[in-house]
Amino acid sequence: MTQRVAKSLQEREVQAKDGQRYLLRPIRPSDAPSLMRGYQALSPQERWFRMLHAVPELSEDAARAFCNPDLARDFCLVLEGQDGLAGEIVGGARITGEANGRDCEFSVSLRPEVRGLGLAQAALRMALQAAAEAGYERVYGTIARDNRGMIHLAVLLGFNIRQDPDDPAFVIAEKAL
Ligand SMILES: CC(C)(COP(=O)(O)OP(=O)(O)OC[C@H]1O[C@@H](n2cnc3c(N)ncnc32)[C@H](O)[C@@H]1OP(=O)(O)O)[C@@H](O)C(=O)NCCC(=O)NCCS
């Protein structure tokens, strides 16, 4: 599986809507401190959107675990910052595989400073490509009903959106790969 996804997980440049180019690459263990800073840069509501429960700050253990995905099942691509955010990772997209080997879950997050530039879309597209290459058949995500930006992005990428049968506060975005 790892060999098949290697192509999508190669470092590459992506161009933002303002013409700036950003490096998109697999997450590294050394990204943990930057990941923690980036999480703090999100508003309390955005942290809730990202985690779907109250996580006021990312612990060192959580950040370390996040930066060391189980590459047999999970992928995480991050974007390196520019200018004032040089040296920081500014966001990225993640695929978490389920044990059945068919289904996987996506998540995506960007620092507020680089929103609206198409970067979330670029990172998620590449993560979805890696998921398809890895043989996953279906990708899904749980999104807060109020998260208009994420729902818009999911529709743009061809996801179907349906009510979460277990909770009216959420929708499920899903798509065949
Ligand atoms: C969701 C998130 C990743 C989107 O980032 P972004 O930078 O706006 O994404 P993009 O620039 O790639 O935009 C994707 C599309 O969504 C649209 N969009 C973004 N925010 C929007 C909003 N609040 N309402 C409506 N549309 C929105 C953009 O206009 C763009 O569409 P377009 O290309 O037709 O103009 C970002 O808002 C974020 O990190 N939020 C906090 C964490 C989070 O909610 N993660 C999702 C958990 S499932």
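What you see is a predicted model, and the numbers here were worked out from it, not measured in a lab. (Residues numbered from 1 in each chain as written. Predicted model: local features only at pLDDT ≥ 70, side-chain atom pairs only at ≥ 80, totals over all residues. Heavy atoms only, no water.)

Colleague: What exactly am I supposed to notice about the side chain of E88 here?
Modeller: Relative to the elements of secondary structure, E88 occurs in the loop between β3 (75-80) and β4 (89-97). At a separation of 2.6 Å, a polar atom in the side chain of E88 contacts the side chain of S34. The residues contacting E88, other than those within four sequence positions of it, are S34, R37, L79, E80, G81 and R111. (Helix = DSSP H or I, 4+ residues; strand = E, 2+ residues; numbered from the N terminus. Polar contact = N/O pair within 3.5 Å; in protein donor to acceptor, adjacent residues only side chain to side chain. Contact = heavy atoms within 4.5 Å.)

Colleague: I keep staring at empty space enclosed by the protein and nothing clicks. Help me out?
Modeller: Leftover empty space is mapped by rolling, across the atoms, a probe with the size of a water molecule. According to the stated counting rule, one finds one cavity of 30 Å³ or more in the structure shown. By volume, the largest cavity amounts to about 280 Å³. If you go around the largest cavity, you meet 21 residues; those closest to its centre are L35, R50, F66, G91 and S109. Residue assignment for the lining of the largest cavity shows that the elements contributing at least two residues are α2 (32-40), α3 (44-51), β3, β4 and β5 (103-110). With six residues, β4 is the largest single contributor of residues to the lining of the largest cavity. (1 Å grid on protein atoms, 1.4 Å probe; cavity = no way out; pocket = protein on both sides within 12 Å on 5 of 7 lines; lining within 4 Å. Points joined across faces, edges and corners; volume = space filled by probe spheres on them.)

Colleague: Mind showing me how you'd approach the UniProt feature "domain: N-acetyltransferase" (unreviewed entry) in the chain here?
Modeller: According to UniProt, the "domain: N-acetyltransferase" (unreviewed entry) feature falls on residues 22-177. Between the C-alpha atoms that bound residues 22-177 there is a distance of 26 Å. The span itself is 31% helix and 29% strand. (UniProt positions renumbered as here; feature names shortened; annotations may be inferred.)

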